[in-house]
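Spelled out, the chains give:
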Amino acid sequence: MSTEPNCIFCKIAAGAIPSRKVYEDDELFVFHDIAPWAPVHFLMVPKLHIASMAQVGSEHEALLGRMMALAPRLALEQGCKPYPEGGFRMVVNTGAEGGQEVHHLHVHVMGGPRPWLRG
Ligand code: 5GP
Ligand code: ZN
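Quick caveat: nothing in here was measured; it's all calculated off a predicted structure. (Residues numbered from 1 in each chain as written. Chains lettered and ligands numbered in written order. Predicted model: local features only at pLDDT ≥ 70, side-chain atom pairs only at ≥ 80, totals over all residues. Heavy atoms only, no water.)

(A) Examining the coordination of the zinc ion (ligand 2) more closely. The coordination sphere of the zinc ion (ligand 2), as far as protein atoms go, consists of Cys7 (SG), Cys10 (SG), His49 (ND1) and His104 (ND1), spread over 2.0 to 2.3 Å. Around the zinc ion (ligand 2), the four donor atoms sit at angles spanning 105 to 115 degrees, and that spread fits a shape best called tetrahedral. Read N to C, the donor residues that coordinate the zinc ion (ligand 2) are spaced as C-x2-C-x38-H-x54-H. You can see cysteine 10 sitting in helix H1 (residues 8–13) and its partner histidine 49 sitting in the loop between strand E3 (40–46) and helix H2 (61–77), a full 39 residues away along the chain. (Donors = N, O, S within 2.8 Å, 3.2 Å for Na, K, Ca; no water. Tetrahedral: all angles 85-135°; square planar, octahedral: opposite > 155°, others 65-115°. Helix = DSSP H or I, 4+ residues; strand = E, 2+ residues; numbered from the N terminus.)

Next up, the structure:
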């Protein structure tokens, strides 16, 4: 598994920096955002260090597919109400103009009753 020694999300995924874990398997790590925008706000990351969506290629199709397919189950487990009344939002900020602050690919999953702090 390729990781970056100075990457905060690599460290979180390895358990070297504490987080509130939601889910973990061989390839994925999911944890609560430290500054949530919404009543439910967690981040899904691959354990493999990928800097952003801009670095994603066909070799990552299965990995990203697994992340996308896992999100609905975790959203419900974390308290999002079912679709269509409930639901959730998935966001992947990419690059400076895309609003990305942490350069390890992550999917934000946000949900829960409104109003939200942002968004
Ligand atoms: P970005 O703007 O890169 O899409 O989002 C980065 C997210 O990571 C932000 O929502 C921020 O609150 C969250 N974050 C940054 N550092 C940490 C941390 O050390 N622990 C956790 N749990 N979340 C973090
Ligand atoms: Zn990383």
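Anyway, onward from the coordinates.
(B) Here's a closer look at unusual backbone geometry. A cis amide bond links tyrosine 83 to the next residue, proline 84, at an omega of 10 degrees. Considering the arrangement of structural elements, one finds proline 84 in the loop between H2 and strand E4 (88–91).

(C) Layout of the sheet that holds strand E5 (residues 107–111). In spatial order, the strands read E1-E2-E3-E5-E4; together these five strands make up an open sheet with antiparallel pairing. Two strands bound the open sheet, and with one partner strand each, they are strand E1 (21–24) and E4. Neighbour to neighbour, the strand axes of the sheet diverge by 20 degrees on average, direction disregarded. Sheet topology places strand E2 (residues 28–32) next to E3; five bridges connect them, and they run antiparallel. By the bridge assignment for E3, histidine 32 is matched with phenylalanine 42. The strands touched by H2 within the sheet are E1, E2, E3, E4 and E5, with E3 carrying the most contacts at an inclination of about 155 degrees. (Pairing = 2+ DSSP bridges. Axes fitted to C-alpha atoms, helices over the stretch in contact; angles between N-to-C directions. Contact = heavy atoms within 4.5 Å.)

(D) Expanded view of the site of ligand 1. Among the 16 residues in the neighbourhood of ligand 1, the closest are listed as Asp33, Asn93, Glu101, His106 and His108. Within the side chain of aspartate 33, one N or O atom sits 2.5 Å away from an oxygen atom of ligand 1. Asparagine 93 is positioned with one of its side-chain polar atoms (N or O) 2.8 Å from an oxygen atom of ligand 1. Isolated, ligand 1 exposes 530 Å² of accessible area, and the fraction of that covered by the protein chains is 84%. Most atoms of ligand 1, that is more than half of them, are within 2 Å of grid points of the largest pocket. Of all elements in the fold, only H1 and E2 reach the threshold of two or more residues within the shell around ligand 1. Here the element with the most residues in the shell around ligand 1 is H1; it accounts for three residues. Class assignment of the residues belonging to the shell around ligand 1 gives a composition of eight nonpolar, six polar and two charged. (Near = heavy atom within 4 Å. Polar contact = N/O pair within 3.5 Å; in protein donor to acceptor, adjacent residues only side chain to side chain. Areas by Shrake-Rupley, 256 points an atom, 1.4 Å probe, with all protein chains shown as cover. 1 Å grid on protein atoms, 1.4 Å probe; cavity = no way out; pocket = protein on both sides within 12 Å on 5 of 7 lines; lining within 4 Å. Sits in = over half its atoms within 2 Å of the grid points. Nonpolar A, V, L, I, M, F, W, Y, C, P; charged D, E, K, R; others polar.)

(E) Fine view of the pattern of salt bridges. By the definition in use, this model includes five salt bridges. In this structure, aspartate 25 engages arginine 66 in a salt bridge whose closest nitrogen and oxygen atoms are separated by 2.5 Å. Linking aspartate 25 in the loop between E1 and E2 with arginine 66 in helix H2, this pair joins segments that are 41 residues apart in sequence. By relative accessible area, aspartate 25 is classed as buried at 16%. The structure contains a network of salt bridges with shared partners spanning Lys21, Glu24 and Lys47. (Salt bridge = Lys/Arg side-chain N within 4 Å of Asp/Glu carboxyl O. Buried < 20%, exposed > 50% of the residue type's maximum accessible area, 1.4 Å probe, protein only.)

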